[in-house]
Every structure is written in C-alpha cells, then in structure tokens.
Amino acid sequence: MTTTGCGAEAARKTADAVGHADAIMAALTRASDKASDFGSAEVETTTEIAANGGKPVSMDGTYSWGGGAALDVEMDTASAQMQSLQDDPTLTMKMVDGAYYYEVDPQPSGPLKGKHWMRIDVSAVVGESGANSIADNADPTAGLRYIGASKDVTNLGEETVRGKKATHYRGSIGTQQVNASGLTAQEKKAAVKSLEASGGKVSLDIWVDGKDLPVRVKQSGGGMTVTMDYLKFGGLKPITAPPAADTADLTDEVKKQRDQSLNQ
C-alpha cells in the first residue's frame, strides 16, 4: 500500500514537472512566433565584452529581421573607435545588405574626402563565419525558441521591466541540447552556428509580458553579454543603405589590417 502510494506520488510529481516544462516551452514559443511575425523592433541594446574590460557599449535604434538582419542605431563614437573621423560624441551606424555603414565627417583628403559615410563588408569585420552566423540568425527573437526547446528553463516569476509586468525565464543551451531538440534542421543549423560563435553554450534571461511579447532578452556566452530591450514591435520604416555617391568603401583596407593583425 505504501509502495503504491509512493509510486503514485512520484508519478504525479513527474507529470507536474513535465507539464511545467511544456508550459514554459509553449510560452516561449508563442513569444518567439508573435515577435518574429512583426519583422522589426525599436530596441535599446547594451553589449559588454570581457576582453575589453566589460565596459558597456550601447546602441539604440531599429532592428529589422523581416528580409535579413539590418540595424539603424545611434552609438557612442568613442566605443566605435571613430573619434578620428567623427567629432560628434554619437554617430549613426547601419548594418544592411551585408555591410556596416558608419556616419563620418567629410575628410579633406583620402578615400573619405567629401564623404559622409564609410562602408565596410560585415565579413571584413567579423570574418566569413561571423557574417554567416549573423545572416542565419537574423531574427533576434529566435533564442526564445531555442531555449524553449532545450527544456532547461526556470520560471523565476513576475518582475517589472521598463514599467511592464513580465514573466522572467532563465536557462541555458548548448549544441547537444539543440541537436536533441525538436527544432527543424534549418533552425538547428542556425542555432549551432550562433552557439559556436559564443563558445558552444549560452545562458539566457528572457522577460515576456502579458501580450506574449519579449520585453528584454539577455544572452551571455563566449566572454560577451548582450542585453536587448524591445520598446516597440513593427510599424517601422525599412532600413536602407546611405546614398552610394556619399559613401566610401573601405572594405579592402580593413581586410588588410585584419589579416596583418592575425598574422602577427
């Protein structure tokens, strides 16, 4: 009788745990699907890199993923190491069509003479694998689905973020969990690439509001922590490249500098 009772209690606890995990996965999947459908968002992003002393670098503006990854943000000129080309303490940085565009002051001579924009291929800055990872993981809300599929997530309860009541979820995910998940082959490939760029495993904190939309996503891994706050979803203007006539392409120069530093 006692053995039967213990067995029934164990089965009930197991069922509760499975149901709880399934509920978390369903909540994160709903948030991912709903946010993904918007295709763009107004965001505030902070990046901290341990190798650079952990000093936060902020970028505020628009993130678009409907037709590939694109950014149009304001950032600190010093953090971008662009003081020699931009007198203003902040500058506009765009990422669109596989390239970064930095707003600069027209220079009196050289390739930037009379130009207001500098263009550099994404691959010249982060390498081919990094550029492919950005392209494959264009949707910044995909992490919600990845971590939900891992089932290694805890519901930390309700908190207030940017004035909104939101449920805080925390978990981590690695390549083994991704490969064992129910994600599609394409989603697994994109997730694994993203994880490889972050050292093979990432920790995620996600806050989801009452409308099933993410308010904040914080991702840590590979010595880097990125926090993205979503201020508004959808209804934003498409992100376009600056006029070609007002842009100087410095991709070759940056590639040469990068190759030299790697060979030292």
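Above this text sits the structure in question.
Here the structure is a predicted model, which is why all the values come from computation and not from measurement.

A look at the overall build of the chain
Turning to step 1, where the next piece is worked out: Within the chain, the regular secondary structure consists of six helices and twelve strands.
Turning to step 2, where the next piece is worked out: Split into buried and exposed, the 264 residues of the chain put 40% on the buried side.
Turning to step 3, where the next piece is worked out: Of the contacts made within the chain by residues no fewer than 6 positions apart, 52% connect residues no fewer than 24 positions apart.
Turning to step 4, where the next piece is worked out: Carbon and sulfur atoms provide 50% of the accessible area of the chain, an area that totals close to 14,200 Å².

Remarks on a negative patch on the surface
Turning to step 1, where the next piece is worked out: Taken together, Glu42, Asp60, Glu74, Asp87 and Asp88 make up a surface patch of like negative charges.
Turning to step 2, where the next piece is worked out: As for its position among the elements, Asp88 is in the loop between strand E3 (70-76) and strand E4 (90-96).
Turning to step 3, where the next piece is worked out: Accessibility expressed as a relative area gives 38% for Asp88, which makes it partly exposed.

Quick look at the sheet that holds strand E9 (residues 201-209)
Turning to step 1, where the next piece is worked out: Taken in spatial order, the twelve strands make up an open sheet running E7-E8-E9-E10-E11-E1-E2-E3-E4-E5-E6-E12, and their pairing is mixed. In the strand order of this sheet, the two ends are held by strand E7 (153-161) and strand E12 (247-249), each with one partner. Each neighbouring strand pair of the sheet contributes to a mean axis angle of 20 degrees, computed without reference to strand direction.
Turning to step 2, where the next piece is worked out: Pairing between strand E2 (residues 57-64) and E3: six bridges, direction antiparallel. Of the residues in E3, the one forming a bridge with Ser64 is Ala70.

A short note on unusual backbone geometry
Turning to step 1, where the next piece is worked out: The residue Arg162 is not glycine, and still its phi comes out positive at about 50 degrees.
Turning to step 2, where the next piece is worked out: Topologically, Arg162 is positioned in the loop between E7 and strand E8 (164-174).
Turning to step 3, where the next piece is worked out: Taking relative accessible area as the criterion, Arg162 reaches 41% and is therefore assigned partly exposed.
Turning to step 4, where the next piece is worked out: Backbone geometry at Asp212 places phi at a positive 65 degrees, although glycine is not the residue there.
Turning to step 5, where the next piece is worked out: Mapped onto the secondary structure, Asp212 falls in the loop between E9 and strand E10 (214-221).
Turning to step 6, where the next piece is worked out: Looking at Asp212, the relative accessible area reads 25%, which means it is partly exposed.

Regarding the side chain of His168
Turning to step 1, where the next piece is worked out: Relative to the helices and strands, His168 is located in strand E8.
Turning to step 2, where the next piece is worked out: What makes His168 buried here is its relative accessible area of 4%.
Turning to step 3, where the next piece is worked out: One polar contact links His168 to Glu159, side chain to side chain, over a distance of 2.9 Å.
Turning to step 4, where the next piece is worked out: Here His168 is in contact with Thr154, Asn155, Leu156, Gly157, Glu159, Asp205, Ile206 and Trp207, once residues within four sequence places are set aside.

Let's talk about the nonpolar core
Turning to step 1, where the next piece is worked out: Counting 43 residues, the largest nonpolar core has Leu28, Met93, Tyr102, Met118 and Ile206 as the members making the most contacts within it.
Turning to step 2, where the next piece is worked out: By residue number, the principal contributor to this core is helix H1 (residues 2-38), which donates five residues.
Turning to step 3, where the next piece is worked out: For Met93, the residues in contact, after removing those within four places along its chain, are Met59, Leu71, Asp72, Val73, Met75, Tyr100, Tyr101 and Tyr102.
Turning to step 4, where the next piece is worked out: If you look at the next biggest cluster of nonpolar residues, it comprises six residues, including Val96, Ala99, Tyr101 and Ile239.

Concerning the environment of Met59
Turning to step 1, where the next piece is worked out: The residue Met59 is located in strand E2 in this model.
Turning to step 2, where the next piece is worked out: For Met59, a relative accessible area of 16% puts it in the buried group.
Turning to step 3, where the next piece is worked out: For the pair formed by Met59 and Asp72, sequence separation is 13 residues and the distance between their alpha carbons is 9.1 Å.
Turning to step 4, where the next piece is worked out: Here Met59 is in contact with Val43, Glu44, Thr45, Val73, Glu74, Met75 and Met93, once residues within four sequence places are set aside.

Considerations on the environment of Met75
Turning to step 1, where the next piece is worked out: With respect to the helices and strands, the residue Met75 is situated in strand E3.
Turning to step 2, where the next piece is worked out: Between the C-alpha atoms of Met75 and Val57, which are 18 residues apart in sequence, the distance is 7.7 Å.
Turning to step 3, where the next piece is worked out: Excluding residues within four positions of it along the chain, Met75 makes contact with Val57, Ser58, Met59, Ala80, Pro89, Thr90, Leu91 and Met93.

A few points about the pattern of salt bridges
One side chain can pair with another of opposite charge once the charged atoms of both are near each other.
Turning to step 1, where the next piece is worked out: Overall, the coordinates contain eight salt bridges when judged by the stated rule.
Turning to step 2, where the next piece is worked out: Put simply, Arg30 and Asp212 hold a salt bridge, and the shortest N to O gap is 3.4 Å. With Arg30 in helix H1 and Asp212 in the loop between E9 and E10, this pair connects stretches of sequence that are 182 residues apart.
Turning to step 3, where the next piece is worked out: A salt bridge links Asp121 to Arg119, with the shortest nitrogen-to-oxygen separation between them at 2.6 Å.
Turning to step 4, where the next piece is worked out: Beyond isolated ion pairs, a larger network of salt bridges with shared partners links Glu44, Arg162, Arg216 and Asp229.

Each value, and the rule that gives it
Residues numbered from 1 in each chain as written. Predicted model: local features only at pLDDT ≥ 70, side-chain atom pairs only at ≥ 80, totals over all residues. Heavy atoms only, no water. Helix = DSSP H or I, 4+ residues; strand = E, 2+ residues; numbered from the N terminus. Buried < 20%, exposed > 50% of the residue type's maximum accessible area, 1.4 Å probe, protein only. Contact = heavy atoms within 4.5 Å. Areas by Shrake-Rupley, 256 points an atom, 1.4 Å probe, with all protein chains shown as cover. Patch = residues over 30% accessible without salt bridge, like charges linked within 9 Å, V, L, I, M, F, W, Y side chains within 5 Å. Salt bridge = Lys/Arg side-chain N within 4 Å of Asp/Glu carboxyl O. Lys, Arg positive; Asp, Glu negative; His and termini not counted. Charge placed at Lys NZ, Arg CZ, Asp CG, Glu CD. Pairing = 2+ DSSP bridges. Axes fitted to C-alpha atoms, helices over the stretch in contact; angles between N-to-C directions. Polar contact = N/O pair within 3.5 Å; in protein donor to acceptor, adjacent residues only side chain to side chain. Core = buried A, V, L, I, M, F, W, Y, C linked by side-chain atoms within 4.5 Å.

Without other data, these values stay purely geometric and don't point to any function.
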